[in-house]
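Structural overview for review
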Amino acid sequence: MSLRGPAVLGPGSRGSLDEAGAEDREASALAAAGAALEDDEDDGRRRGLLRWDGFSAWLHCVCVVGFDLELGQAVEVIYPQHSKLTDKEKTNICYLSFPDSNSGCLGDTQFCFRFRQSSGRRVSLHCLLDQFDKDLPVYLKKDPAYFYGYVYFRQVRDKTLKRGYFQKSLVLISKLPYIHFFHTVLKQIAPEYFGKNEPYLEAACNDVDRWPAPVPGKTLHLPIMGVVMKVRIPTCHDKPGTTQMVQLTQQADTQISVILPTVHEVDLFRCFCPVFLHSQMLWELVLLGEPLVVMAPSPSESSETVLALVNCILPLKYFSDFRPYFTIHDSEFKEYTTRTQAPPSVILGVTNPFFAKTLQHWPHIIRIGDLKPPGEIPKQVKVKKLKNLKTLDSKPGVYTSYKPYLNRDEDIIKQLQKGVQQKRPSEAQSVILRRYFLELTQSFIIPLERYVASLMPLQKTISPWKSPPQLKQFLPEEFMKTLEKTGPQLTSRIKGDWIGLYRQFLKSPNFDGWFKTRRKEMTQKLEALHLEALCEEDLLLWIQTHTEVETVDLVLKLKNKLLQADRENLPVKPDTVEKLRTHIDAIILALPEDLQGILLKTGMT
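So, a few notes on the structure that sits alongside this text. (Residues numbered from 1 in each chain as written. Predicted model: local features only at pLDDT ≥ 70, side-chain atom pairs only at ≥ 80, totals over all residues. Heavy atoms only, no water.)

**What to know about the sheet that holds strand β1 (residues 61–68)**
Strand pairing in a sheet relies on backbone hydrogen bonds. The paired strands run either parallel or antiparallel. Keep this limit in mind: At least two bridges found by DSSP between two strands is the condition for calling them paired. Only DSSP runs of H or I with at least four residues qualify as helices, and only runs of E with at least two residues qualify as strands; both kinds are numbered from the N terminus onward. Only the contacting stretch of a helix is used when fitting its axis, a line to C-alpha atoms as for every element, and angles between N-to-C directions run 0 to 180 degrees.
In space, the five strands of this open sheet follow the order β2-β1-β5-β4-β3, with antiparallel pairing throughout. Because the sheet does not close on itself, it has two edges, and the strands there are β2 (72–79) and β3 (107–116). On average, each strand axis in the sheet is tilted by 25 degrees relative to the strand beside it, whichever way the strands run. Examined bridge by bridge, β1 and β2 share seven bridges and lie antiparallel to one another. Residue pairing across strands places Val-65 opposite Val-75, the latter belonging to β2.

**As for helix α13 (residues 410–421)**
Convention followed: For a helix, the expected span equals 1.5 Å multiplied by the number of residues minus one. Counted as a polar contact is a pair of N or O atoms within 3.5 Å, where, for protein atoms, one must be capable of donating a hydrogen and the other of accepting one, and residues adjacent in sequence contribute only when both atoms are in side chains.
Taking 1.5 Å per residue, twelve residues should reach 16 Å; α13 reaches 16 Å between its end C-alpha atoms and fits that length. Capping the start of α13, Asp-409 holds a side-chain oxygen 3.0 Å from the backbone nitrogen of Asp-411, two or three residues further along. Once α13 ends, the next one or two residues include Lys-423, with phi positive near 55 degrees.

**Re the packing of aromatic side chains**
Aromatic ring pairs are defined here through the distance separating the ring centres and the angle between the ring planes. Where we set the bar: Pairing of aromatic side chains requires ring centres within 6.5 Å, counting the rings of Phe and Tyr and the six-membered ring of Trp. Pairs whose planes differ by under 30 degrees are stacked, by over 60 edge-to-face, and all others tilted. Buried means the residue's accessible area, taken with a 1.4 Å probe over protein chains only, is under 20% of the maximum for its type, while exposed means over 50%, and partly exposed covers the values in between. For a lysine, the NZ atom is tested; for an arginine, the CZ atom; a charge sits over a ring if that atom is within 6 Å of the ring centre and within 35 degrees of the ring normal.
Summed over the entire model, instances satisfying the criterion amount to 38 aromatic pairs. Ring geometry for Phe-181 against Phe-182: centres 5.0 Å apart, planes inclined by 65 degrees, an arrangement best described as edge-to-face. In this structure, Phe-181 and Phe-182 share a single accessibility class: buried. Ring centres 6.0 Å apart and planes at 40 degrees place the aromatic pair Phe-474 and Phe-479 in the tilted group. Residue class for Phe-474 comes out buried when judged on its relative accessible area of 12%. Ring-pair connections join several aromatic residues into one group, and the members of that group are Trp-283, Phe-444, Tyr-451, Phe-474, Phe-479, Tyr-502, Phe-505, Phe-511, Trp-514 and Phe-515. Positioned above the aromatic ring of Phe-322 is the side chain of Arg-114, whose terminal nitrogen or guanidinium carbon lies 4.1 Å from the ring centre.

**Here we look at the pattern of salt bridges**
Cut-off, in case you're wondering: Salt bridges are defined as contacts in which a side-chain nitrogen from Lys or Arg sits within 4 Å of a carboxyl oxygen from Asp or Glu.
Throughout the structure, instances matching the rule amount to 26 salt bridges. Between Arg-270 and Glu-304 there is a salt bridge, and its shortest N-O distance comes to 2.7 Å. Placement of the pair is Arg-270 in helix α8 (residues 268–272) and Glu-304 in helix α10 (residues 299–311), with a sequence separation of 34 residues. Residue classification places Arg-270 among the partly exposed positions, given a relative accessible area of 22%. In this structure, a network of salt bridges that share partners links the residues Arg-114, Arg-116, Asp-143, Asp-321, Arg-323, Asp-330, Glu-332 and Glu-335.

**Quick word on the nonpolar core**
One broad trend across soluble globular proteins is that nonpolar side chains are buried collectively. The test is simple: For this analysis, a nonpolar core means a set of buried residues of the types Ala, Val, Leu, Ile, Met, Phe, Trp, Tyr and Cys, connected via side-chain atoms within 4.5 Å. The contact criterion used is simple: two residues touch if any of their non-hydrogen atoms lie within 4.5 Å.
If you look at the biggest cluster of nonpolar residues, it comprises 116 residues, and the most contacted ones within it are Trp-58, Phe-181 and Leu-448. Among the elements that make up this core, the one with the highest residue count is helix α14 (residues 426–453) (ten residues). Among residues more than four places away in sequence, those in contact with Leu-448 are Phe-474, Phe-479, Tyr-502, Phe-505, Leu-506, Phe-511 and Trp-514. Counting 23 residues, the second largest nonpolar core, distinct from the first, contains Leu-539, Ala-565, Val-572 and Val-577.

**Digging into the sheet that holds strand β8 (residues 258–259)**
Strand order across the open sheet formed by three strands is β6-β7-β8, with mixed pairing between neighbours. One side of each edge strand has no neighbouring strand; the edge strands of this open sheet are β6 (219–224) and β8. Sitting on the sheet, helix α5 (residues 179–196) touches β6, β7 (227–232) and β8, and the angle it makes with β7 is about 175 degrees.

**Side note on the environment of Lys-88**
Examined against the element boundaries, Lys-88 turns out to sit in helix α3 (residues 87–96). Judged by relative accessible area, which is 45%, Lys-88 ranks as partly exposed. Sequence separation of Lys-88 and Arg-116 is 28 residues, and the distance between their C-alpha atoms is 9.8 Å. With sequence-adjacent residues up to four places away left out, Lys-88 is seen in contact with Ser-118 and Ser-331.

Right, here's the structure in full:
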């Protein structure tokens, strides 16, 4: 299978891998690609997968975006060729895959964007992903309405081209928010691709198609063009703030080229470094779902900073929209910049100077300069009034009139400043900052978790012969009363107006999303307990005192319960399901033969 698309001109790059090794890997990979096309169907059948099922578990497609003198940015290649993208989605990808012209990004640049899936398209989610989604932490679950785009952009001088520059982006489109992982994949394949063109890309995609599925909790070995990456996707059962990488024996590890301690985290301290004096205030703004704009000199800085902000409230999921890189060509540009209504709950990362004027009415704007390389510390920015922000040339700063509810934690600032003075590595500073945010978020959310747990009916109220009881209603004032004895003061040293912060949070999209998730989990738990209560009953004894009509009705209800348990992934024990199936079979066999035949045909048993 060949890829159609214009040949790529311009110098290739070997990246960080030695040239001889890269040449050998590429030659063997390209040679294997031809054989792989023939062998893949057999390999896929052995794994119970169709061709490209393995690829689809990780990526929707790979795009190559180039610059055409007449058309501007254009999608030159989409691979695999059967991948579906609407015209609107292609347009979004085109504009979001190139930095704004004012960014002046020479050389290689990596960044990330997020865009809305076209409303007209049929939602086709990979069945395997749905199975694994339930085991992921809530903040890593895919959002069916959005795609992520992971970009490797190259701009270098080339006198053979009319524009005088070679400009091209290799873009991975995925539903998965595994930022660090996909950026690492691009580092491995993009520099080689720019010199080797489509056959190399085809070989890389064939490698991805042979990857194991992205199962949470498993250590995965993912070969890509001669390099083997070792990763572990977190699960909802992991202790927050820990990284669990299973260590292999030394002999087995000789095959590993890249070990990733995380698939989704960004360099938190590098992003917060210019504003770490105000990190607690920014945490409040993100927690409350306030409209926030990050104005940065390039898409790398804007996307990293937006993602760092979204990550700062983990393990709480940020439920509003966020755009790591947003342009004036985005399909939601008018919706998000209108002055006819209040700014929406969204975090935007922008680089175009035009936004300084267009978004002047937004209440919170972070203006950052170039992010310094690890080890270099930029000057700390100040909090300034919004009226002082006129253009993108304005000095870096946090432009807001927001007054934080909580007093600033001076201890964390001293700790980070000491790290700066001692030239502590950025990774170590990020660990400190991430732990601080985690403890702050947990101190805030634990009282809510405790109160919501009290809304659960007692297990003794669950009767097998009645519908499962309803959850009690969430009453804000009742919750506020619990804070005096079991509030965040039990786990946090930070003083301030915690109650005011909670009142504001209860009005936010983040609370709405969090509570809907918890309510769904608790309702499913009640359904599972109801199922277990049914299993403990002597149903054969029950049918002796009831009519055939009532017995048939019971069988149908039990079958529906089994279907519900499967469809909604209810948290039931495997032996409970088996026990219920046994009950159903026993009841059916106790009925007349004509009814047995009908019931055995209706649904699962």
